[in-house]
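One-letter residues, chain by chain:
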Amino acid sequence: MRHDLILDRLAVPIVLAPLAGGPSTSELTAAVSNAGGFGFLAAGYLAASVLAERLEGTRTLTEAPIGVNLFVPGTPAPPQAVDAYAARLADDIRQAGVELGAARFDDDDWAAKLELLIATPVAVVSFTFGCPEPEVIDRLHDAGSEVWVTVTGPDEARLAVDAGADALVVQGAEAGGHRASFRDEPAEDLTGGIGLLSLLQLVRAQADLPLVATGGIGTGRAVAAVLAAGAAAAQLGTAFLGCPEAGTAAVHRQALAGRAPTAMTRAFTGRLARGIRNRFLDRHSTAAPAAYPEVHHLTAPLRQAGRTTGDPELVNLWAGQTYELGRQLPAGQLVLTLAEEARAALQQAQERLGPPAETAAEQEGSGAGRP
Ligand SMILES: Cc1cc2nc3c(=O)[nH]c(=O)nc-3n(C[C@H](O)[C@H](O)[C@H](O)COP(=O)(O)O)c2cc1C
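First, a word on scope: everything that follows refers to the structure included in this document. Values in this document were obtained by computation on a predicted structure and should not be read as measured data.

Some words on the sheet that holds strand 6 (residues 167-171)
Line of reasoning, step 1. Strand order in the closed barrel formed by eight strands is 1-2-3-4-5-6-8-9, and the pairing between neighbours is parallel. Ignoring strand direction, the axes of neighbouring strands in this sheet form an average angle of 25 degrees.
Line of reasoning, step 2. Alignment of strand 1 (residues 14-16) against strand 2 (residues 38-42), held across two bridges, turns out to be parallel. Directly across from Leu16, in strand 2, lies its bridge partner Gly39.
Line of reasoning, step 3. Helix 6 (residues 110-119) contacts strand 3 (66-71) and strand 4 (124-128) of the sheet and is inclined by roughly 160 degrees relative to strand 3.

This is the structure we're talking about:
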């Protein structure tokens, strides 16, 4: 295990999750890191040149350490599955007055982004949808970066440890946005994924690395809970979507203010993700294939139309299970508030447990505390 990790030096053990697709901004990342937490910048869906600009922008706003998150590329899906799904969307497309996007496979500019991060390193590079090859991890280490790998099960945790990760981001099934699993396996949908508290215990039994807990953490009490369960920090995504610094679309913000339930779906992107239920999700989830990023490109114009016209029924309203607890505070203030709440919760838990049995017996023997 590496020593002197960034997680040991954080003033506040709260991490801003990477929030690809709009919400992630330089301002949000910098605000969290400036408050003593740790801010990630999402690189997903961005060309390397755009990521370079975002990084430069962030560096003008903070000197504190920041992280960048990359999507590990998958493999192309069978074209027939994508074509059949495209045909199914014809009505929605017509009604919205747009055209379907071109359902292409791409690797999200993987090589160019890695080169950028090796040339201009950040404190941490985290990965989602897979574990990079050990050579990639070695190169990032040589550049001075830590490598965190997101895992959703104990088997993935073992693979990440063997590949040389410095820390694991442990993503529970409660999480908003995409499930970070190394493979998107529809055959495993029936299991429903592993909840965060269970997963932290299972991963701890497999991996002697620092763990960053993520999924459904909406309050300081939950931050306290994951720290007590052995995590080195809590990573929150949905909780930051309402911050003024976030680039969250207005239609998404409005949905987050409601109470509709969340559900897992491949309907928008072809990869399993948690969002607030709406018409598109309900209509297409059972038919949507595992075909990412083909389906992501296919539905992009429809989702954009929904954001532009303010129609929430067409938009991927990513949200974790506790989204209704969201607070619209500036990000730095949210970090400090969560930390305060966590301290109070841990103290309450400590008081609830009382002193260790021996101390209690000694006090009893000495007559301390008797009327
Ligand atoms: C809008 C949105 C975008 C997200 N984008 C990413 C991403 O780019 N990379 C990633 O690793 N996780 C992403 N996630 C998942 C988060 O990293 C994290 O696992 C999740 O937000 C935790 O659950 P919570 O939303 O209940 O806090 C995203 C989540 C949301 C809500």
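A word on a negative patch on the surface
Line of reasoning, step 1. A cluster of acidic residues, Glu133, Glu135, Asp138 and Asp142, forms a negative patch on the protein surface.
Line of reasoning, step 2. Positionally, Asp142 belongs in helix 7 (residues 134-143).
Line of reasoning, step 3. Among the residues examined, Asp142 registers a relative accessible area of 71% and is labelled exposed.

Observations concerning empty space enclosed by the protein
Line of reasoning, step 1. The tally for this structure, following the rule as stated, stands at one cavity of 30 Å³ or more.
Line of reasoning, step 2. Its boundaries defined by the atoms lining it, the largest cavity holds a volume of some 30 Å³.
Line of reasoning, step 3. If you go around the largest cavity, the residues you meet are Gln171, Gly172, Ala173, Ala175, Gly176, Gly177, His178, Arg179 and Met264.
Line of reasoning, step 4. In terms of residue class, the lining of the largest cavity is made up of three nonpolar, five polar and one charged.

Brief notes about the packing of helix 2 (residues 26-34) against helix 14 (residues 331-353)
Relative orientation and spacing of two packed helices are given, respectively, by the angle between their axes and the distance between those axes.
Line of reasoning, step 1. Here helix 2 crosses helix 14 at 35 degrees, and the two axes come no closer than 8 Å. Handedness of the helix 2/helix 14 crossing: right-handed. Note on element contacts: helix 14 touches helix 2 through Ala331, Gly332 and Val335, opposite Leu28, Ala31 and Val32.
Line of reasoning, step 2. A per-class count over the contact of helix 2 with helix 14 returns five nonpolar, one polar and no charged.

Focus: the site of the ligand
Line of reasoning, step 1. In the region of the ligand, 21 residues are neighbours, and Asn69, Thr128, Gly216, Gly237 and Thr238 sit closest.
Line of reasoning, step 2. A distance of 2.5 Å separates an oxygen atom of the ligand from a polar side-chain atom of Thr128.
Line of reasoning, step 3. The separation between an oxygen atom of the ligand and a polar side-chain atom of Gln171 is 3.1 Å.
Line of reasoning, step 4. When the free accessible area of the ligand is taken as 590 Å², the share hidden by the protein chains comes to 96%.
Line of reasoning, step 5. Breaking the shell around the ligand down by element, the ones donating at least two residues are strand 3 and strand 9 (233-236).

Here's the deal with the sheet that holds strand 7 (residues 177-178)
Line of reasoning, step 1. Spatial ordering of the open sheet is given by 7-11-10, a layout of three strands whose pairing is antiparallel. Two strands bound the open sheet, and with one partner strand each, they are strand 7 and strand 10 (262-265).
Line of reasoning, step 2. As defined by bridge partners, strand 7 adjoins strand 11 (residues 273-276) across two bridges and the pair is classed as antiparallel. Within strand 11, the residue paired with Gly177 across the bridge is Arg274.

So, the pattern of salt bridges
Line of reasoning, step 1. According to the stated counting rule, one finds 14 salt bridges in the structure shown.
Line of reasoning, step 2. Across the salt bridge formed by Arg283 and Asp92, the nearest N and O atoms sit 3.1 Å from each other. Of the two residues, Arg283 is situated in helix 12 (residues 279-284) and Asp92 in helix 5 (residues 90-96); the sequence distance between them amounts to 191 residues.
Line of reasoning, step 3. Residue Arg283 is classed as partly exposed on the basis of its relative accessible area of 33%.
Line of reasoning, step 4. Judged by relative accessible area, Asp92 falls into the buried class, the value being 4%.
Line of reasoning, step 5. With a closest N to O distance of 2.8 Å, Arg183 and Glu185 form a salt bridge.

Thresholds, definitions, all that
Residues numbered from 1 in each chain as written. Predicted model: local features only at pLDDT ≥ 70, side-chain atom pairs only at ≥ 80, totals over all residues. Heavy atoms only, no water. Pairing = 2+ DSSP bridges. Helix = DSSP H or I, 4+ residues; strand = E, 2+ residues; numbered from the N terminus. Axes fitted to C-alpha atoms, helices over the stretch in contact; angles between N-to-C directions. Contact = heavy atoms within 4.5 Å. Patch = residues over 30% accessible without salt bridge, like charges linked within 9 Å, V, L, I, M, F, W, Y side chains within 5 Å. Areas by Shrake-Rupley, 256 points an atom, 1.4 Å probe, with all protein chains shown as cover. Salt bridge = Lys/Arg side-chain N within 4 Å of Asp/Glu carboxyl O. Lys, Arg positive; Asp, Glu negative; His and termini not counted. Charge placed at Lys NZ, Arg CZ, Asp CG, Glu CD. Buried < 20%, exposed > 50% of the residue type's maximum accessible area, 1.4 Å probe, protein only. 1 Å grid on protein atoms, 1.4 Å probe; cavity = no way out; pocket = protein on both sides within 12 Å on 5 of 7 lines; lining within 4 Å. Points joined across faces, edges and corners; volume = space filled by probe spheres on them. Nonpolar A, V, L, I, M, F, W, Y, C, P; charged D, E, K, R; others polar. Left-handed = near helix turned anticlockwise from the far one by under 90°. Near = heavy atom within 4 Å. Polar contact = N/O pair within 3.5 Å; in protein donor to acceptor, adjacent residues only side chain to side chain.

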